[in-house]
Number of protein chains: 4
Amino acid sequence: MAMVCLSDFEAYAKKYLPKIAWDYFAAGADDCTTRDENILAYKRIRFRPRMLRDVSMMDIRTKILGTEISFPVGIAPTGFHQLAWPEGEKSTARAARAMGTCYIASTYSTCTLEEISAAAPGGLRWFQLYIHRNRAASQQLVQRAEALGFQGLVLTADLPYTGKRRDDVRNGFRLPPHMKLKNLEGAFEVCKMSLLDPSVTWNDIYWLRSLTRLPIIIKGILTREDAELAVRHGVQGIIVSNHGGRQLDEGPATIDALVEVVEAVQGRVEVYVDGGIRKGSDVLKALALGAKCVFIGRPALWGLAYKGEEGLQDVLRILQDEFRLSMALAGCARVSEIGQHLVQFSKL
Amino acid sequence: MAMVCLSDFEAYAKKYLPKIAWDYFAAGADDCTTRDENILAYKRIRFRPRMLRDVSMMDIRTKILGTEISFPVGIAPTGFHQLAWPEGEKSTARAARAMGTCYIASTYSTCTLEEISAAAPGGLRWFQLYIHRNRAASQQLVQRAEALGFQGLVLTADLPYTGKRRDDVRNGFRLPPHMKLKNLEGAFEVCKMSLLDPSVTWNDIYWLRSLTRLPIIIKGILTREDAELAVRHGVQGIIVSNHGGRQLDEGPATIDALVEVVEAVQGRVEVYVDGGIRKGSDVLKALALGAKCVFIGRPALWGLAYKGEEGLQDVLRILQDEFRLSMALAGCARVSEIGQHLVQFSKL
Amino acid sequence: MAMVCLSDFEAYAKKYLPKIAWDYFAAGADDCTTRDENILAYKRIRFRPRMLRDVSMMDIRTKILGTEISFPVGIAPTGFHQLAWPEGEKSTARAARAMGTCYIASTYSTCTLEEISAAAPGGLRWFQLYIHRNRAASQQLVQRAEALGFQGLVLTADLPYTGKRRDDVRNGFRLPPHMKLKNLEGAFEVCKMSLLDPSVTWNDIYWLRSLTRLPIIIKGILTREDAELAVRHGVQGIIVSNHGGRQLDEGPATIDALVEVVEAVQGRVEVYVDGGIRKGSDVLKALALGAKCVFIGRPALWGLAYKGEEGLQDVLRILQDEFRLSMALAGCARVSEIGQHLVQFSKL
Amino acid sequence: MAMVCLSDFEAYAKKYLPKIAWDYFAAGADDCTTRDENILAYKRIRFRPRMLRDVSMMDIRTKILGTEISFPVGIAPTGFHQLAWPEGEKSTARAARAMGTCYIASTYSTCTLEEISAAAPGGLRWFQLYIHRNRAASQQLVQRAEALGFQGLVLTADLPYTGKRRDDVRNGFRLPPHMKLKNLEGAFEVCKMSLLDPSVTWNDIYWLRSLTRLPIIIKGILTREDAELAVRHGVQGIIVSNHGGRQLDEGPATIDALVEVVEAVQGRVEVYVDGGIRKGSDVLKALALGAKCVFIGRPALWGLAYKGEEGLQDVLRILQDEFRLSMALAGCARVSEIGQHLVQFSKL
């Protein structure tokens, strides 16, 4: 079977992953409406392609928070990579570095931050944080990440409690005994989400700021009001995200929310988006609507499930090629030429 | 089979109830468009969830007509509970009391009001009334209910004649011989809907008012004009309802009509809604659009069909948990924080 | 099998009619988009039902061109009724008279106008005319109809050429040898549509007017411009029709066109509509949007196919009962109470 | 099997062509959204047909760039006709001439321009050009075409690189060894799209102008901005096209883009459209929205696949008959009577 587009990797993962792992990665909250809307919403956006531009020299590089990446697609934070591939997050880190892009490692990694760093020295990495009731444990994680050279701190804001993912309930999902949430060992008993602190508020941004000199990126913002609050509380970046549709079902598709957030932010901080990216042209749409970069979640896991580091590189390379081609066909030779004039929302 | 969400109970009931009973409960008028629209309309409403609110202490209690209930979901009036479970409305009453919420007992109950009261003393109950041609019989029912401690009188306004439910016609639906409309025995021959009085008008609200000191709630209002008339005729509450899509097909979905009614009422009386509630997030949407409380019809019957009182408690508990979670994920810790800013209508 | 609603008759006809006859009656032009849109467009209209009106005394009679009919549903002109039932148009005429409504007999009847008249003396009938190249033949038909007591002349305006109905082409549709277009015998060889005169213009209304004192109703109008022309040329009525979707595919659904025509006509002449009526509530919608009466085409043929005169009466009785019930549930006791306030167009 | 409408030819071609050829002709880029939208968009346009016009004398001729054609449907440039029929483009040229219309021969023909010319002397033909990196080769092609009597030069603007057509990638599509891109032999190795010059810009229109006195038609314009640029750079015609949905997926349907282009051009040059034409009424819609003529791509190939020259004539004749009929049913006797008043966009 030729791996031609991302859905080929999805089909592979569905076929070869253990059902409980596939279900966990695929899960959306409740009716999975938002999970699916993330994808459908891209299809309602139409390009307005321009012709007869010189697109002989394509340059698809961009910068996020000042660091160059080879193309505007990074790896979103997702947990439990060992469920997809034995080497887990080490493979993810290697693939991201090999492709010249950014990997956001999750608090819920099955490798330690130290293992991740050692696996791919010099790669661009951010660390994703959940704030736990045990603040000292969270503080320690932040400082370990900074010390290990992670270059950004991504605070997930949309998980005061875990969303209701029916299949996980039915399956009685839990990690297999040989896997651990290694970054949390010792700090507290793992895999009990009730250890997450649902009392976190905007003021905790100041607390985080006091712990680290890393730029803080807030993930999970979906409204202009929260975007404004994020900017006012001094974050450096916003990831428009609905947690892959795994938290509150029937919120907005992220590409729709992106428009609102970009408008509110007015360029004061960088805005990124995740959720629903399945083709290079989706990346182009997100950038046209104001995202500086997109992050992929499930497709990265499918790549891992296919062939580990190599499979993830395949996924990234396909997105890269598709993104470059769609840019050229839309008449853009450089990322800086991408703008809102390239898209319109379908009336359907 | 794990009972994870309400559709699990629906599947159970469809499988284990006698077809004639399932068909009766499931029936909608004509093409069942409105029955199905009640559900679909919720899916067109999108949340605008807010992040980083302190949702560590959740309080989901509310009050209806001054009485506290443990969460804003009550039991709508539906007939013939013995078709779903041998103990019938007695089980319903017990489950509602156990869960701390309100049960609206139907005129067409298969237990007497006295049996219902005795089954769950102290529970919050309202009585639903059809006005019959034999006004004395209706008067007697109202006064029995008041004497038994029912705390509200719900007048159904949308059934001058019974809607055309094709499956019931095909099945020749009628109650099995061992079941009776016990509250009507002696008053008149039961199960002939033609005994309903199609000449009832707004003036009959004054007649009802003369019979009882109970608050009067009118059920079946779908337009701003009728909402205004209801307020002017002195009702204490309005249930926006289309009788589960069993009366006039192709009227509005209740959640859509709710918006119009709430706008017309301007807070002068409490507004409730029934029809199409299948998830805790549906409850949140209804409250965001101005409902004080919602009522469930068919899901309560599925709960009864599953395990009687216990099954209905399961249904209510799932809705309660889902409602609490969706509130938290939307950034609300108390019912009073729920407002219209939480939702928007999808353009699709 | 119980015959509960019109689609039961449709299923029966599809099962028991010869395929070539079913195909002919069911046919739409090209992709059948308009044929199907006629039905779908009704589903996009929502009622705004009003409660607590006195609907104990229902009166569903109305008048068309001054003559009372028992309810606002007549029989649209369709050809070749012997394909559905051996007695053909004689049965149709009897059923219409028995139900107290109007039957528009087609030029392409398989019984003579004389046979139709003799079958149901005293029934309200209009005669539908195609203008042929042989004007003398058309003139003779008009004058026969008037002499036989037909009370209206319906000029079909939308068939200068016959639409392309793919199934009829594939089937090589033609009348079986034992059936004849009896009203055209002698005048010219039948069943060659090319005998229709495609040069007919509005001026021919004056010619028709010169032939007869019957009121002239024009059938096939879909735009405000043509409605205005019809009024200016002195017709007495307009039937908004797209020939059941059998002529130009992808024109408007008739219920949508009705709105435009009614607005243009401003009450100067009566407006009727055919196409897509499948339930009593469709009739209510058409009247709410300004139609004085609706006409049914295919459902009448299904009734004939089921049981001839008796089957057609069944169809009409179901529509009558459904219409009366939907009126009552919408809060109207008389046809004169039906108005535009009862409906709204769904945004979907 | 009767060949009644164009989808009959599609079904035939799908059944009898080698899979690799069918896939190549059918292919769309990525998810094939735009390929399919080209067709769906026509279905969202509704006619406003006018009645009682004299349509007895139908005249469906029109002119493109001053030359009369028998009806406003030409043959769009598509490659590799020998994949569909052994005689390839020679058959296409003969069929177009026989039907009195225009054939745009592709650079990627499997017959030489000389063979095409010799096959159908005197036929109206335009030549479609891709500009290659080897400009001398392109110049030679233009001058050969002009010398052979081609009457227009069609510059394709939307293919700086080839779109990603997944099935072609999976199939490893390439021409069978016995077929050649005969017009390119000697000039360079064929079938490597990388020989296309992605640096082409609007200035190259001036270069083309310097090579030939033929009118230049630009193909692949989808926006008002590019339409304006095309006019300013002195082209004589614009073909609104998205390359049959084979280049950038999720651009606009061509019939939608036509509206925008026609509005921008304001009659300064002729505008044509290709993509999604499947019925005569589609042609009528395109003309109503301002196209001077439409071009068919895949349907021509299906006709060839069915019976070569004769099959393509069948396809054209069906379109011609359907176009004439839909004109008449919409109330137009001449092409000049077609206008925007005939159509409206459906709200759905």
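Rules behind the numbers
- Residues numbered from 1 in each chain as written.
- Chains lettered and ligands numbered in written order.
- Predicted model: local features only at pLDDT ≥ 70, side-chain atom pairs only at ≥ 80, totals over all residues.
- Heavy atoms only, no water.
- Helix = DSSP H or I, 4+ residues; strand = E, 2+ residues; numbered from the N terminus.
- Rg over C-alpha atoms; globule rule 2.2 N^0.38 Å.
- Buried < 20%, exposed > 50% of the residue type's maximum accessible area, 1.4 Å probe, protein only.
- Contact = heavy atoms within 4.5 Å.
- Buried area = accessible area lost by both parts, 1.4 Å probe.
- Salt bridge = Lys/Arg side-chain N within 4 Å of Asp/Glu carboxyl O.
- Polar contact = N/O pair within 3.5 Å; in protein donor to acceptor, adjacent residues only side chain to side chain.
- Nonpolar A, V, L, I, M, F, W, Y, C, P; charged D, E, K, R; others polar.
- Pairing = 2+ DSSP bridges.
- Right-handed = clockwise from strand over helix to strand, strands pointing away.
- Least-squares fit on C-alpha atoms with pLDDT ≥ 70 in both.
- Phe/Tyr/Trp six-rings, centres within 6.5 Å; stacked < 30°, edge-to-face > 60°.
- Arc of directions from axis to C-beta.
- Axes fitted to C-alpha atoms, helices over the stretch in contact; angles between N-to-C directions.
- Parallel < 35°, antiparallel > 145°, perpendicular 65-115°, else oblique.
- Left-handed = near helix turned anticlockwise from the far one by under 90°.
- UniProt positions renumbered as here; feature names shortened; annotations may be inferred.

Before going further, it helps to examine the overall build of chain A. For chain A, the count of helices and strands is 12 helices and 12 strands. Relative to the compact-globule value of 20 Å for 348 residues, chain A shows a C-alpha radius of gyration of 19 Å, a close match. For the C-alpha atoms alone, the extent of chain A along its principal axes is close to 60 × 50 × 40 Å. Counting only residues that meet the buried cut, chain A has 66% of its 348 residues in that class. Considering only residue pairs separated by 6 or more positions, chain A has 74% of its internal contacts joining residues 24 or more positions apart.

To continue, consider the interface of chain A and chain D. Residue-level contacts link 31 residues of chain A with 38 residues of chain D. When chain A packs against chain D, close to 2,900 Å² is buried across both sides, 58% of that on carbon and sulfur atoms. Considering only the side of chain A, the residues that lose the most area to chain D are Met51, Leu52 and Leu329 of chain A, jointly responsible for 25% of the buried surface there. Counting the contacts that link chain A with chain D gives 10 salt bridges. Taking the shortest distance from any N to any O, the salt bridge between Glu322 of chain A and Lys164 of chain D comes out at 2.7 Å. At the surface where chain A touches chain D, the tally comes to 17 residue pairs in polar contact (both at pLDDT 80 or more). Mapped onto the side of chain A that touches chain D, the elements with two or more residues apiece are α1 (6-16), α3 (33-43), β1 (45-47), α11 (280-288) and α12 (298-330) of chain A. Counting residues per element, the side of chain A that touches chain D draws most heavily on α12 of chain A, which supplies 7 residues. Taken together, the residues of the side of chain A that touches chain D break down into 17 nonpolar, 4 polar and 10 charged.

Turning next to the pairing of strand β8 (residues 216-221) of chain C. Residues and elements named next belong to chain C. Burial within β8 is extensive, with 6 of its 6 residues counted as buried. Where strand β7 (residues 153-156) meets β8, 4 bridges bridge the pair, whose relative direction is parallel. Within the sheet, the bridge partner assigned to Leu155 lies in β8 and is Ile218. As defined by bridge partners, β8 adjoins strand β9 (residues 237-240) across 4 bridges and the pair is classed as parallel. Of the residues in β9, the one forming a bridge with Ile221 is Val240. Regarding topology, helix α9 (residues 224-232) serves as the crossover connection from β8 to the parallel β9, and that connection is right-handed.

Moving on, we come to the relation of the copies chain A and chain D. Rotating chain A by 90° about the axis while translating it 0.0 Å along that axis superimposes it on chain D, leaving an RMSD of 0.0 Å. What we have between these two chains is a four-fold relation. When the interface residues of chain A are mapped onto chain D, a mere 3% of them are again interface residues, pointing to distinct binding faces.

Turning next to the relation of the copies chain A and chain B. The two chain copies are connected by a rotation around an axis plus a translation along it. Between chain A and chain B, which share one sequence, the superposing operator has a rotation angle of 90° and an axial displacement of 0.0 Å; the RMSD is 0.0 Å. Little of the interface of chain A is mirrored in chain B: 3% of its interface residues are interface residues there too.

Attention now goes to the packing of aromatic side chains. Following the criterion strictly, the structure yields 52 aromatic pairs over all chains and no others. Pairing Phe9 of chain A with Tyr306 of chain A gives two aromatic rings, centres 5.2 Å apart and planes at 85°, and the pair type is edge-to-face. Taken together, the residues span a long stretch of sequence, with Phe9 of chain A in helix α1 and Tyr306 of chain A in helix α12 at a distance of 297 residues. Residue classification places Tyr306 of chain A among the buried positions, given a relative accessible area of 15%. Judged by centre distance (5.8 Å) and plane angle (85°), the rings of Tyr272 of chain B and Phe295 of chain B are edge-to-face.

Most of helix α2 (residues 19-26) of chain C is tucked away, with 6 of its 8 residues classed as buried. Check the buried side of α2 of chain C and you find it contacts α1 (6-16), α3 (33-43), α7 (166-171) and α12 (298-330) of chain C.

With respect to the element layout, Pro176 of chain A can be found in the loop between α7 (166-171) and α8 (203-211). C-alpha of Pro176 of chain A to C-alpha of Ala21 of chain A: the two residues are 155 residues apart in sequence and 9.9 Å apart in space.

Turning to helix α3 (residues 33-43) of chain D, a few remarks are in order. Every buried residue belonging to α3 of chain D is among Thr33, Thr34, Glu37, Asn38, Ala41 and Tyr42 of chain D, and all of these are buried. Relative to the axis of α3 of chain D, the buried residues are bounded by an arc of 165° and lie together on one face. Where the residues of α3 of chain D are buried, they touch β1 of chain A together with β1 (45-47), α10 (254-265), β10 (270-274) and α11 (280-288) of chain D.

So, on to the interface of chain A and chain B. Between chain A and chain B, the contact holds 38 residues from the first and 31 residues from the second. For the chain A and chain B pair, buried surface summed over both sides reaches about 2,900 Å², with 59% attributable to carbon and sulfur atoms. Along the contact surface separating chain A from chain B lie 11 salt bridges. Here Asp31 of chain A and Lys43 of chain B are joined by a salt bridge, their closest N and O atoms 3.0 Å apart. Inspection of the region where chain A meets chain B yields 17 residue pairs in polar contact (both at pLDDT 80 or more). Mapped by element, the contributors of at least two residues to the side of chain A that touches chain B are α3, α7, β8 (216-221) and α9 (224-232) of chain A. If you tally residues by element for the side of chain A that touches chain B, the top one is α9 of chain A, at 4 residues.

This part takes up the environment of Ile60 of chain B. Residue and element names in this part refer to chain B. If you trace the backbone, Ile60 turns up in the loop between β1 (45-47) and β2 (62-64). The exposure class of Ile60 is buried, given its relative accessible area of 7%. The contacts of Ile60, once residues within four sequence positions are left out, are Ser70, Phe71, Pro72, Gln320, Phe323, Arg324, Met327 and Val335.

Here the focus is the arrangement of the chains. With no contact between them, chain A and chain C keep their nearest C-alpha atoms 10 Å apart. With no contact formed, the shortest span from any C-alpha in chain B to any C-alpha in chain D equals 10 Å.

With that settled, consider the packing of helix α11 (residues 280-288) of chain C against α12 of chain C. All names here are of chain C. In contact at an axis separation of 7 Å, α11 and α12 are set at 60° when each is read in the N-to-C sense. The pairing of α11 with α12 is recorded here as oblique in orientation. Between α11 and α12 the crossing geometry is right-handed. Of the residues in α12, those touching α11 at Gly280, Ser281, Val283, Leu284 and Leu287 are Leu319, Glu322, Phe323, Ser326, Met327 and Ala330.

As a further point, take the UniProt feature "binding site: glyoxylate" (unreviewed entry) in chain A. Residues and elements named next belong to chain A. Mapped onto this numbering, the UniProt entry gives "binding site: glyoxylate" (unreviewed entry) at Tyr24, Arg165, His243 and Arg246. Annotated residues spanning 223 residues; largest pairwise C-alpha distance 13.2 Å, indicating a single compact cluster. Classification of Tyr24 by relative accessible area gives buried; the value is 11%. When residues no more than four places from it in sequence are discounted, the contact partners of Tyr24 are Phe80, Leu83, Arg165, Asp168, Phe173 and Arg246. Using a relative accessible area of 8% as the deciding quantity, one classes Arg165 as buried.

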